[in-house]
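# Structural overview
Below are the chains, spelled out letter by letter.
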Amino acid sequence: MPISGTPSRAELVEHLVKTRIAGDVATPRENNLLHYRKLANGERNWWLGLELGDRWTDEQDVLAVMAERVGVNDDPEYRYGQDTIDPELTVAGLDRLAARLRKAAEGRQRVLFATGHPGGLLDVHRATAAALRGAGCEIVVIPDGLQTDEGYVMQFADVAVLEHGATLWHTHSGEPMKAVLGGLEREGRPQPDLVVADHGWAGYAAQAGLDSVGYADCNDPALFLAEAEGTLQVAVPLDDHVLSPRYYDPMTAYLLAGAGLA
């Protein structure tokens, strides 16, 4: 563990469960429900750069979407204990994401990568960016000197991140993506054809009308709501920070093979 090479679908499902990327995940039920409630109550930190208006003010509606698209327990009376991500839904999301990456490669599109969860997903994005560059895509280089109230917007290994106090920063905010897109506009450069991201980076890009795909955990419902509404093209359900970032390597290999980029 991790699996070497490219796993089959069945091998990947088994690996996702063993490493708790899916299956019985580390995020407890009570944390999931708390975040669904915060989103429904209009707390913007949980909207992940999206504008949800008054469409999701009932946390039971949020739970229903999360049960359908992520595989959490659909019983509203189940309040505490273990919760789950259905590994089959994770792999189905990867298949949808692979199809969009294949389209980007065939069109040699401009692609922007970003993560609000660098401790878990930075290398997933880096490897995907490298594969698309090898296929002839332009990987968008972000403008210099960007910052938000939380810190500086930087780019490492082709992936835009937030830096705070010389540390790569975990953030839900859409403000870093707003800074990047605004910076590109000021420089007279085209907007990306595709954004591959997570958290508020993915949400803000989708809200801005860009093709946006990304990864999201079972306690971050906003991207799944956006996918359900058609604002975000793909949301892949997974635990976005497991014990080792190397556990994501088989998932990345499966994704790139499905996109014809291996």
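Residues numbered from 1 in each chain as written. Predicted model: local features only at pLDDT ≥ 70, side-chain atom pairs only at ≥ 80, totals over all residues. Heavy atoms only, no water.

### Quick notes on the overall build of the protein chain
Counting its secondary structure elements, the protein chain contains nine helices and 11 strands. Overall size of the protein chain, expressed as C-alpha extent along the three principal axes, is 50 × 40 × 35 Å. Going through the 262 residues of the protein chain one by one, you find that 54% of them count as buried. A separation of at least 24 residues holds for 67% of the contacts in the protein chain among residues at least 6 apart in sequence. Here the protein chain holds 22 positive side-chain charges and 39 negative ones, and the gap between their average locations is 5 Å. (Helix = DSSP H or I, 4+ residues; strand = E, 2+ residues; numbered from the N terminus. Buried < 20%, exposed > 50% of the residue type's maximum accessible area, 1.4 Å probe, protein only. Contact = heavy atoms within 4.5 Å. Lys, Arg positive; Asp, Glu negative; His and termini not counted. Charge placed at Lys NZ, Arg CZ, Asp CG, Glu CD.)

### Focus on the packing of helix H5 (residues 118-134) against helix H9 (residues 249-258)
Helix packing geometry: the angle between the two helix axes and the distance between the axes. Contact geometry for H5 and H9: axes closest at 10 Å, N-to-C directions at 25°. One finds that H5 runs roughly parallel with respect to H9. The interaxial crossing formed by H5 with H9 has right-handed handedness. Here Asp123, Val124, Ala127, Thr128 and Ala131 of H5 lie close against H9, whose contacting residues are Asp249, Met251, Thr252, Leu255 and Leu256. Of the residues assigned to the contact of H5 with H9, the class counts are six nonpolar, two polar and two charged. (Axes fitted to C-alpha atoms, helices over the stretch in contact; angles between N-to-C directions. Parallel < 35°, antiparallel > 145°, perpendicular 65-115°, else oblique. Left-handed = near helix turned anticlockwise from the far one by under 90°. Nonpolar A, V, L, I, M, F, W, Y, C, P; charged D, E, K, R; others polar.)

### Focus on a nonpolar patch on the surface
Taken together, the side chains of Tyr152, Met154, Phe156 and Leu168 present a nonpolar region at the surface, about 330 Å² in accessible area. In terms of residue count, strand S6 (residues 152-156) provides more of the nonpolar patch than any other element does, three residues in total. Relative to the helices and strands, Met154 is located in strand S6. A residue is classified by how much of its surface remains accessible, and Met154, at 30% relative accessible area, is partly exposed. (Patch = residues over 30% accessible without salt bridge, like charges linked within 9 Å, V, L, I, M, F, W, Y side chains within 5 Å. Areas by Shrake-Rupley, 256 points an atom, 1.4 Å probe, with all protein chains shown as cover. Salt bridge = Lys/Arg side-chain N within 4 Å of Asp/Glu carboxyl O.)

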